[in-house]
Amino acid sequence: MTTLPATPAAFADEHDVPIRYMQRTRDYYLALGYAPYRWAHFADAPFTPLRTPLSRARVGLVTTAAPFQPDAGDQGPGAPYNAAAKFYAVYSQPTDGAPDLRISHVGYDRAHTSARDINTYFPLARMKEAVAAGRIGSLAPRFHGTPTNRSHRTTLQVDVPELLRRCREDAVDAVVLVPT
Amino acid sequence: MGCAKDIVEHCGVPRFVFSDFPLGNSAGRPFDVESQAQTLELALRLLESAPAARTTVQSPQRWSEDASWKRDYLDLATLTPETIAERRREFDDAKAVARRRREAT
């Protein structure tokens with residue numbers, strides 16, 4: 001009887017790891033001559049267990065996508081970065097429609113993402129199906145959009161408190177946040 | 001639900017479904033209802049069962065068998081001095097547009 005030599009495990013490629021966005025962004029903007037951005041960083045994260053079974057819970061949705069604005073230039077699939085399409089205040093729209101939201105104001109991966117399908121960055125349709133299937137009790141009557149403001153102060157002292165206020169008004173049990 | 005593992009975990013959130021997809025696909029693959037439904041289902045399970053803050057679950061979905069797409073985002077290897085100058089101009093223009101817009105609202 002012979003023993004077979006150990007077969008080396010077939011490892012994935014070394015570069016096949018979650019992209020280190022903070023490092024890439026820092027290196028890129030340093031190469032362009034800009035000071036690095038300081039990313040949000042907290043020692044503690046809050047946690048509250050879900051107190052209601054999900055099948056009876058009301059769930060909210062928060063996005064960073066922007067409503068399409070006819071006067072703000074190209075916001076379509078494949079549009080280059082569009083600073084004119086940025087928004088600077090929390091907005092809300094009803095969840096019982098089919099909103100037209102875009103991400104042209106965001107630095108997403110334009111080489112590999114067309115942003116042609118809203119459902120990749122705004123899961124309202126799939127959430128409605130989850131409600132219809134009884135997986136979720138109900139959706140909040142409106143969803144909210146939050147600005148992508150580089151100012152920490154504005155985000156923490158203006159936008160987030162407003163977002164929280166609206167979520168509490170909606171009496172949600174939980175919120176799904178889908179940033180882009 | 002997100003695609004930037006390091007950024008979200010550096011911040012610290014209660015629960016996080018990480019999809020190892022290009023930015024812009026936090027909720028699943030384009031024109032793939034099953035992918036999107038499965039991504040949402042992971043988020044719902046996290047809502048129900050995460051044991052503590054900073055719980056991350058990575059979606060088992062792969063964007064493609066070939067992971068070479070991961071090299072491309074803000075790839076410094078593509079930066080020539082000319083490109084750097086052009087990108088800097090674009091960035092400054094974008095900041096000016098954003099500032100005017102911000103001041104107008």
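Residues numbered from 1 in each chain as written. Chains lettered and ligands numbered in written order. Predicted model: local features only at pLDDT ≥ 70, side-chain atom pairs only at ≥ 80, totals over all residues.

**Some words on the overall build of chain B**
- Within chain B, the secondary structure is distributed over three helices and two strands.
- Traced from its N-terminal end to its C-terminal end, chain B shows the element sequence α-β-α-β-α.
- Across its three principal directions, the C-alpha atoms of chain B cover 50 × 40 × 30 Å.
- Put simply, 49% of the contacts in chain B that link residues at least 6 apart link residues at least 24 apart. (Helix = DSSP H or I, 4+ residues; strand = E, 2+ residues; numbered from the N terminus. Contact = placed C-beta atoms within 7 Å.)

**Thoughts on the pairing of strand β6 (residues 142–145) of chain A**
Residues and elements named next belong to chain A.
- Note that strand β1 (residues 58–63) and β6 share two bridges and pair parallel. For Val62, the partnering residue across the bridge sits in β6 and is His144.
- Judged from the four bridges that link them, strand β3 (residues 91–94) and β6 form a sheet pairing that is antiparallel. When the bridges of β6 are listed, Ser92 appears paired with His144. (Pairing = 2+ DSSP bridges.)

**Notes on unusual backbone geometry**
Residues and elements named next belong to chain B.
- Positive phi is not limited to glycine here, since Phe31 has a value of about 55°.
- Within the element layout of this structure, Phe31 appears in the loop between β1 (15–18) and α2 (33–49).
- Phi angles above zero are rare outside glycine, and Arg54 is one such case at about 65°.
- Within the secondary structure, Arg54 sits in the loop between α2 and β2 (55–58).

**What about the domain arrangement of chain B?**
- Domains assigned within chain B are domain 1 (1–65) and domain 2 (74–105).
- The gap between the C-alpha centroids of domain 1 of chain B and domain 2 of chain B is 30 Å. (Domains from an automatic or database assignment.)

**Some words on the packing of helix α2 (residues 124–132) of chain A against α2(B)**
- Across the interface, α2(A) lies against α2(B) with an axial gap of 10 Å and an inter-helix angle of 65°. The angle between α2(A) and α2(B) falls in the class roughly perpendicular. In this structure, the crossing between α2(A) and α2(B) has a hand that is right-handed. Residue-level contacts link A:Arg126, A:Met127, A:Glu129 and A:Ala130 of α2(A) to B:Gln36, B:Ala37, B:Leu40 and B:Leu44 of α2(B).
- Of the residues belonging to the contact of α2(A) with α2(B), the class tally is five nonpolar, one polar and two charged. (Axes fitted to C-alpha atoms, helices over the stretch in contact; angles between N-to-C directions. Parallel < 35°, antiparallel > 145°, perpendicular 65-115°, else oblique. Left-handed = near helix turned anticlockwise from the far one by under 90°. Nonpolar A, V, L, I, M, F, W, Y, C, P; charged D, E, K, R; others polar.)

**Digging into helix α3 (residues 81–104) of chain B**
- Over its 24 residues, α3(B) runs 35 Å from end to end, which matches the ideal 34 Å to within 8%, given 1.5 Å per residue.
- α3(B) sits mainly on the outside: zero of its 24 residues count as buried. (Expected span 1.5 Å × (residues − 1). Buried ≥ 20, exposed ≤ 12 C-beta atoms within 10 Å, placed from the backbone.)

**Considerations on the environment of B:Gly24**
- As for its position among the elements, B:Gly24 is in the loop between β1 and α2.
- On the basis of neighbour counts, which here come to 23 C-beta atoms within 10 Å, the residue B:Gly24 falls in the buried class.
- Separated by 22 residues in sequence, B:Gly24 and B:Gly2 have C-alpha atoms that sit 8.5 Å apart.
- Those residues in contact with B:Gly24 that sit more than four places away from it in its chain are A:Ile103, A:Tyr108, A:Asp109, A:Thr113, A:Ala115, A:Thr120, A:Tyr121 and A:Thr180.

**Things to note about the interface of chain B and chain A**
- The interface of chain B with chain A comprises 51 residues on the first partner and 57 residues on the second.
- When residues of the side of chain B that touches chain A are traced back to their parent elements, those giving at least two are α1 (5–11), α2 and α3 of chain B.
- When residues in the side of chain B that touches chain A are grouped by element, the largest group, nine residues, is from α3(B).
- Classifying every residue of the side of chain B that touches chain A gives 29 nonpolar, nine polar and 13 charged.

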